[in-house]
Amino acid sequence: MAANTDAIVLVGGKGTRLRPLTLTAPKPMLPTAGVPFLTHLLSRIKAAGMRHVVLGTSYRAEVFAEYFGDGTQFGLEMEYVVETEPLDTAGAIRNVADRLRGEDAMVFNGDILSGTDPAALLNAHHDAAADVTLHLVKVADPSRFGSVPTDASGRVTAFLEKTPNPPTDQVNAGCYVFRRDVIESIPAGRPVSVERETFPGLLESGATLHGFVDSSYWLDVGTPAAFVRGSADLVRGIAPTHALPGSPGERLVLDGASVAPEATVDGGSSVGASASIAAGARVSGSVVFEGARIERDAVVEDSVIGRDARVGAGTVLRGVVLGDDVDVGAGCELLEGARLWPGVVLPDGGVRFSTDV
Ligand code: GTP
């Protein structure tokens, strides 16, 4: 059944919340646990038995095809459709309609880490004879999301905006099964949002929208804090993937990286090829891109260190994002939420900078 289902992956967003990392690479291509983020999702699509994958691209469209090619190397058949203007989520789904082959297509937001079984979602869709089936996930704090209540049979009854006291803890998990004719009914050639337009419109017209609810691992990696957590969860084997280069553990050090024996690297940190961590440095829960240098006695926690960036001796970074080629001198301290744009240079000598003071 899954073999006849097309996978559509939406990867066209600008990823503004992850700037400056997304100035140079689109969010789904950011190195995450050793490989571009999207590789983890593709590994799960393949494991579920799907073969034909269509990427809906817009922002930095060319880099996807450059890396994944026709998909053969990943055991998939991959195609790319480029939007000249971003068409938003439903517009992007509609824009790939002429590439679809099966009765149903499974749509994935390209920035979600999820433990749900795509095959189970597909089965639920068929059992319910639904027009669209949505993966809904139960979260601890639903007030941060729009919520999606369902009735006893699993039928979606409403799409509710964010509110302080939502009536359910079920939220849209960013993964759906659509009947192909429903995709064809989405207006073509203009931006359309699934959450704001398509789903409420379908509900009003009496379509069957089914909710597949679970509480498996789920994380939207759209913010820097979520990105480092997602990467660490992948490295430690908490988030499911079939694409981890190596076995799960406290750290992932890619070939060509150098970690001094007297350095500590843990908490699910990953260290990219040709990066170096000097003696006495402590790197925890962080993502160090290739070519970055962490000098002696530096402390890097829950942070992202961009490509070829340098962290000077004794510098402390906590919850920080350094863009590519940033150079932070020795003895500085940067705290929660600080982000430095590519190429910024901070001199030696105790700069203390935090966005929360
Ligand atoms: P932010 O700008 O930080 O909100 O990130 P984003 O641009 O990725 O937006 P959001 O997280 O809401 O997007 C959810 C998913 O839809 C992501 O996988 C995006 O890549 C994708 N997406 C959002 N807008 C578009 C679009 O216009 N076209 C395509 N093809 N995909 C989109």
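Reading guide: rules and limits
Residues numbered from 1 in each chain as written. Predicted model: local features only at pLDDT ≥ 70, side-chain atom pairs only at ≥ 80, totals over all residues. Heavy atoms only, no water. UniProt positions renumbered as here; feature names shortened; annotations may be inferred. Helix = DSSP H or I, 4+ residues; strand = E, 2+ residues; numbered from the N terminus. Pairing = 2+ DSSP bridges. Near = heavy atom within 4 Å. Polar contact = N/O pair within 3.5 Å; in protein donor to acceptor, adjacent residues only side chain to side chain. Salt bridge = Lys/Arg side-chain N within 4 Å of Asp/Glu carboxyl O. Buried < 20%, exposed > 50% of the residue type's maximum accessible area, 1.4 Å probe, protein only. 1 Å grid on protein atoms, 1.4 Å probe; cavity = no way out; pocket = protein on both sides within 12 Å on 5 of 7 lines; lining within 4 Å. Points joined across faces, edges and corners; volume = space filled by probe spheres on them. Domains from an automatic or database assignment. Right-handed = clockwise from strand over helix to strand, strands pointing away. Contact = heavy atoms within 4.5 Å. Buried area = accessible area lost by both parts, 1.4 Å probe. Arc of directions from axis to C-beta.

1. What about the UniProt feature "domain: Mannose-1-phosphate guanyltransferase C-terminal" (unreviewed entry) in the chain?
- Cross-referencing UniProt, the feature "domain: Mannose-1-phosphate guanyltransferase C-terminal" (unreviewed entry) maps to residues 251–332 in the present numbering.
- The distance from the first to the last C-alpha atom of residues 251–332 is 25 Å, and the span holds 0% helix and 41% strand.

2. Some thoughts on the sheet that holds strand E25 (residues 327–328)
- Taken in spatial order, the six strands line up as E13-E16-E19-E22-E25-E28 in an open sheet, and their pairing is parallel. The strands lining the two open edges of the sheet, one partner per strand, are strand E13 (258–259) and strand E28 (345–346).
- Bridge count between E25 and E28: two bridges; the pairing is parallel. Looking across to E28, one finds that aspartate 327 is bridged to valine 345.

3. Re the site of the ligand
- In the region of the ligand, 19 residues are neighbours, and Leu10, Thr16, Arg17, Glu83 and Asp88 sit closest.
- The backbone of arginine 17 places a nitrogen or oxygen atom 2.8 Å from an oxygen atom of the ligand.
- Note that an oxygen atom of the ligand is positioned 2.9 Å from one of the side-chain N or O atoms of lysine 27.

4. Focus on the pattern of salt bridges
- Tallying each qualifying case throughout the model produces 21 salt bridges.
- Salt-bridge contacts for glutamate 295 lead to arginine 310; the nearest nitrogen and oxygen are separated by 2.8 Å. With glutamate 295 in the loop between strand E19 (293–294) and strand E20 (299–301) and arginine 310 in strand E22 (residues 310–311), the pair connects residues that are 15 residues apart, well separated along the chain.
- Overall, the relative accessible area of 16% leaves arginine 310 in the buried class.
- Glutamate 301 serves as the salt-bridge partner of arginine 318, at 2.8 Å between the closest nitrogen and oxygen. Of this pair, arginine 318 sits in strand E23 (residues 316–318) while glutamate 301 sits in strand E20; the two residues are 17 residues apart in sequence, bridging distant segments of the chain.
- In the salt-bridge network here, residues are joined through shared partners; they are Glu77, Glu79, Asp98, Arg99 and Arg101.

5. Focus: the layout of surface pockets
- In this model, the second largest pocket occupies a volume close to 470 Å³.
- Elements with a minimum of two residues in the lining of the second largest pocket: helix H1 (21–24), strand E2 (31–32), strand E3 (35–36), helix H3 (62–68), strand E15 (269–271) and strand E18 (287–288).
- Each of domain 1 (2–220) and domain 2 (250–352) contributes no fewer than three residues to the lining of the second largest pocket.

6. What to know about the UniProt feature "domain: Nucleotidyl transferase" (unreviewed entry) in the chain
- UniProt marks residues 7–234 with the feature "domain: Nucleotidyl transferase" (unreviewed entry), using the numbering shown here.
- Here residues 7–234 is 29% helix and 24% strand, with 22 Å between the C-alpha atoms at its ends.

7. Quick look at the pairing of strand E4 (residues 52–57)
- Of all six residues that make up E4, six are buried, and the element is covered over most of its length.
- Alternating residues of E4 divide into His52, Val54 and Gly56 and Val53, Leu55 and Thr57, and every residue in both groups is buried.
- With four bridges joining them, strand E1 (residues 6–10) and E4 adopt parallel strand pairing. Looking at E4, one finds that isoleucine 8 is bridged to valine 54.
- Sheet topology places E4 next to strand E5 (residues 77–82); six bridges connect them, and they run parallel. Residue pairing in the sheet places valine 53 in a bridge with methionine 78 of E5.
- The handedness of the E4 to E5 crossover, carried by H3, is right-handed.

8. What about the domain arrangement of the chain?
- Domain annotation of the chain identifies domain 1 (2–220) and domain 2 (250–352).
- Taken over C-alpha atoms, the centre of domain 1 sits 33 Å from the centre of domain 2.
- Facing the 12 residues of domain 1 at the interface are 14 residues of domain 2.
- Between domain 1 and domain 2 the total buried area reaches about 900 Å² when both faces are included, carbon and sulfur atoms providing 72% of it.
- Broken down residue by residue, the surface that domain 1 buries against domain 2 is led by Pro20, Leu21 and Pro31, which jointly contribute 50%.
- Our enumeration of links across domain 1 and domain 2 arrives at zero salt bridges.
- Where domain 1 touches domain 2, the interface holds three residue pairs in polar contact (both at pLDDT 80 or more).
- Ranked by the residues each element gives to the side of domain 1 that touches domain 2, the list is headed by H1, at three residues.

9. Let's talk about helix H5 (residues 118–127)
- Buried residues of H5: Pro118, Leu121, Leu122, Ala124 and His125, and no others. End-on view of H5: buried residues confined to an arc of 160°, all on one side of the axis.
- In the core, the buried residues of H5 are packed alongside helix H2 (37–47), strand E6 (104–109), strand E8 (132–138), strand E9 (170–179) and strand E10 (209–214).
- If you check the start of H5, you find a side-chain oxygen 3.0 Å away from the backbone N of alanine 119, and it comes from aspartate 117.
- Directly beyond the C-terminal end of H5, a positive phi value near 45° is found at alanine 129.

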